[in-house]
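Close look at the chain arrangement
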Amino acid sequence: MRPTRRRTRLLLAASVAAVALAVPLGVHAARGADSGTEAAPPKPEPAGSECRTTVEGSRVVAYCHNPYPSVDLVRLHTECDRWWDVDADGAVVAVEPGRTVRLEDRCWKEVATAWVSHRPAPL
(Lines give C-alpha, C1' and ligand atoms only; values in the text may rest on other atoms or scores of the structure.)
Protein backbone atom coordinates (compact mmCIF):
# COMPACT_ATOMS: atom_id res chain seq x y z
CA MET A 1 0.00 0.00 0.00
CA ARG A 2 2.82 2.39 0.66
CA PRO A 3 3.99 2.65 -2.94
CA THR A 4 0.43 3.55 -4.04
CA ARG A 5 0.10 6.35 -1.48
CA ARG A 6 3.50 7.73 -2.39
CA ARG A 7 2.65 7.61 -6.10
CA THR A 8 -0.72 9.33 -5.48
CA ARG A 9 0.92 12.11 -3.46
CA LEU A 10 3.59 12.54 -6.12
CA LEU A 11 0.96 12.79 -8.89
CA LEU A 12 -1.08 15.34 -6.90
CA ALA A 13 2.01 17.44 -6.15
CA ALA A 14 3.06 17.35 -9.81
CA SER A 15 -0.39 18.44 -11.03
CA VAL A 16 -0.54 21.28 -8.48
CA ALA A 17 2.91 22.45 -9.55
CA ALA A 18 1.94 22.32 -13.23
CA VAL A 19 -1.20 24.39 -12.59
CA ALA A 20 0.75 26.87 -10.45
CA LEU A 21 3.20 27.39 -13.31
CA ALA A 22 0.57 27.52 -16.08
CA VAL A 23 -1.80 30.08 -14.50
CA PRO A 24 0.64 33.02 -14.43
CA LEU A 25 1.64 32.29 -18.04
CA GLY A 26 -2.00 32.27 -19.12
CA VAL A 27 -2.71 35.52 -17.30
CA HIS A 28 0.40 37.10 -18.83
CA ALA A 29 -0.70 36.10 -22.34
CA ALA A 30 -4.31 37.17 -21.76
CA ARG A 31 -3.26 40.68 -20.78
CA GLY A 32 -1.46 41.07 -24.09
CA ALA A 33 1.95 41.54 -22.54
CA ASP A 34 3.55 39.55 -25.35
CA SER A 35 2.29 42.01 -28.00
CA GLY A 36 4.87 44.60 -26.96
CA THR A 37 2.42 47.51 -26.88
CA GLU A 38 -0.19 48.34 -24.32
CA ALA A 39 -3.34 49.81 -25.82
CA ALA A 40 -4.79 52.36 -23.44
CA PRO A 41 -8.57 52.70 -23.66
CA PRO A 42 -9.64 55.96 -25.30
CA LYS A 43 -10.68 58.66 -22.87
CA PRO A 44 -14.14 60.05 -23.62
CA GLU A 45 -14.51 63.76 -24.18
CA PRO A 46 -16.29 65.56 -21.36
CA ALA A 47 -19.92 66.16 -22.22
CA GLY A 48 -23.27 66.89 -20.64
CA SER A 49 -25.10 69.85 -19.23
CA GLU A 50 -25.10 71.03 -15.65
CA CYS A 51 -28.70 71.31 -14.44
CA ARG A 52 -30.28 73.00 -11.42
CA THR A 53 -33.81 71.93 -10.56
CA THR A 54 -36.12 73.83 -8.19
CA VAL A 55 -39.56 72.83 -6.97
CA GLU A 56 -41.99 75.43 -5.64
CA GLY A 57 -45.39 74.04 -4.71
CA SER A 58 -46.76 72.40 -7.85
CA ARG A 59 -44.25 73.93 -10.31
CA VAL A 60 -40.86 72.59 -11.40
CA VAL A 61 -38.22 74.69 -13.14
CA ALA A 62 -34.83 73.42 -14.33
CA TYR A 63 -32.01 75.43 -15.89
CA CYS A 64 -29.43 73.45 -17.86
CA HIS A 65 -26.16 74.97 -19.06
CA ASN A 66 -23.83 73.17 -21.47
CA PRO A 67 -20.18 74.26 -21.08
CA TYR A 68 -18.86 71.56 -23.44
CA PRO A 69 -18.37 71.63 -27.25
CA SER A 70 -20.92 68.89 -27.98
CA VAL A 71 -24.72 69.15 -28.07
CA ASP A 72 -26.56 67.61 -25.10
CA LEU A 73 -30.18 66.42 -25.22
CA VAL A 74 -32.03 66.97 -21.94
CA ARG A 75 -35.51 66.02 -20.74
CA LEU A 76 -37.36 67.02 -17.56
CA HIS A 77 -39.18 64.25 -15.70
CA THR A 78 -41.81 65.15 -13.10
CA GLU A 79 -43.40 62.72 -10.67
CA CYS A 80 -46.47 64.07 -8.89
CA ASP A 81 -47.26 63.25 -5.27
CA ARG A 82 -50.97 62.38 -5.63
CA TRP A 83 -51.90 59.03 -7.13
CA TRP A 84 -54.46 60.60 -9.48
CA ASP A 85 -52.09 63.31 -10.74
CA VAL A 86 -50.41 62.45 -14.06
CA ASP A 87 -46.61 62.08 -14.05
CA ALA A 88 -44.92 63.72 -17.00
CA ASP A 89 -41.84 63.36 -19.19
CA GLY A 90 -41.14 66.61 -21.00
CA ALA A 91 -40.01 67.01 -24.57
CA VAL A 92 -36.36 66.50 -25.48
CA VAL A 93 -34.53 69.83 -25.74
CA ALA A 94 -31.13 70.27 -27.41
CA VAL A 95 -28.66 72.33 -25.41
CA GLU A 96 -26.11 73.84 -27.78
CA PRO A 97 -22.52 74.44 -26.62
CA GLY A 98 -22.30 77.47 -24.34
CA ARG A 99 -26.09 77.84 -24.06
CA THR A 100 -28.59 77.63 -21.22
CA VAL A 101 -32.15 76.32 -21.55
CA ARG A 102 -35.13 76.51 -19.20
CA LEU A 103 -37.34 73.47 -18.70
CA GLU A 104 -40.60 73.68 -16.76
CA ASP A 105 -43.52 71.48 -15.79
CA ARG A 106 -46.23 71.31 -13.16
CA CYS A 107 -48.54 69.02 -11.24
CA TRP A 108 -52.10 69.77 -10.12
CA LYS A 109 -51.04 69.49 -6.49
CA GLU A 110 -47.64 68.68 -4.92
CA VAL A 111 -44.53 67.46 -6.74
CA ALA A 112 -42.95 64.28 -5.37
CA THR A 113 -39.69 64.31 -7.38
CA ALA A 114 -38.25 65.93 -10.47
CA TRP A 115 -35.05 65.16 -12.39
CA VAL A 116 -33.37 65.83 -15.70
CA SER A 117 -32.04 63.07 -17.97
CA HIS A 118 -29.19 63.58 -20.45
CA ARG A 119 -27.99 61.90 -23.62
CA PRO A 120 -25.53 63.02 -26.30
CA ALA A 121 -26.92 64.24 -29.59
CA PRO A 122 -26.27 61.97 -32.59
CA LEU A 123 -23.49 63.15 -34.85
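**A closer look at the nonpolar core**
Within the largest apolar cluster, twelve residues are counted, these being V60, A62, C64, V74, L76, C80, V95, V101, L103, C107, V111 and V116. Contributions of two or more residues to this core are made by β2 (59-65), β3 (72-80), β6 (100-106) and β7 (111-120). Residue contacts for V111: discarding those within four places in its chain leaves V55, G57, S58, R59, V60, T78, E79, C80 and D81.

**What about the sheet that holds strand β1 (residues 50-56)?**
Reading across from one edge, β1-β2-β6 is the order of the three strands in this open sheet, with antiparallel pairing throughout. Either end of the sheet is taken by a strand with one partner, and the two such strands are β1 and β6. Looking at each pair of strands side by side, their axes are set apart by 15° on average, direction ignored. Here β1 runs beside β2; their pairing, made up of seven bridges, is antiparallel. Its bridge partner being in β2, T54 is matched across the sheet by V61.

**A closer look at the confidence of the model for the protein chain**
Mean pLDDT over the protein chain: 82, with 69% of residues reaching 70 or higher. Between the elements of the protein chain, mean pLDDT differs from a low of 60, seen in helix α1 (residues 2-30), to a high of 97, seen in β2.

**Points about the pattern of salt bridges**
In total, this model carries two salt bridges according to the counting rule given. R82 is paired through a salt bridge with E110; the nearest N and O atoms lie 2.8 Å apart. Taken together, the positions of R82 in the loop between β3 and β4 (88-89) and E110 in the loop between β6 and β7 put the pair 28 residues apart, joining distant regions of the chain. Here E104 makes a salt bridge to R102, at a shortest N to O gap of 3.5 Å. Owing to a relative accessible area of 53%, E104 belongs among the exposed residues under this scheme.

**Points about a negative patch on the surface**
Residues E79, D81, D87 and D89 make up a contiguous surface patch of negative charge. Counting through the fold element by element, E79 comes out in strand β3.

What counts, and where the lines are drawn
- Residues numbered from 1 in each chain as written.
- Predicted model: local features only at pLDDT ≥ 70, side-chain atom pairs only at ≥ 80, totals over all residues.
- Heavy atoms only, no water.
- Core = buried A, V, L, I, M, F, W, Y, C linked by side-chain atoms within 4.5 Å.
- Buried < 20%, exposed > 50% of the residue type's maximum accessible area, 1.4 Å probe, protein only.
- Helix = DSSP H or I, 4+ residues; strand = E, 2+ residues; numbered from the N terminus.
- Contact = heavy atoms within 4.5 Å.
- Pairing = 2+ DSSP bridges.
- Axes fitted to C-alpha atoms, helices over the stretch in contact; angles between N-to-C directions.
- pLDDT = per-residue confidence, 0-100.
- Salt bridge = Lys/Arg side-chain N within 4 Å of Asp/Glu carboxyl O.
- Patch = residues over 30% accessible without salt bridge, like charges linked within 9 Å, V, L, I, M, F, W, Y side chains within 5 Å.
- Areas by Shrake-Rupley, 256 points an atom, 1.4 Å probe, with all protein chains shown as cover.
- Lys, Arg positive; Asp, Glu negative; His and termini not counted.
- Charge placed at Lys NZ, Arg CZ, Asp CG, Glu CD.

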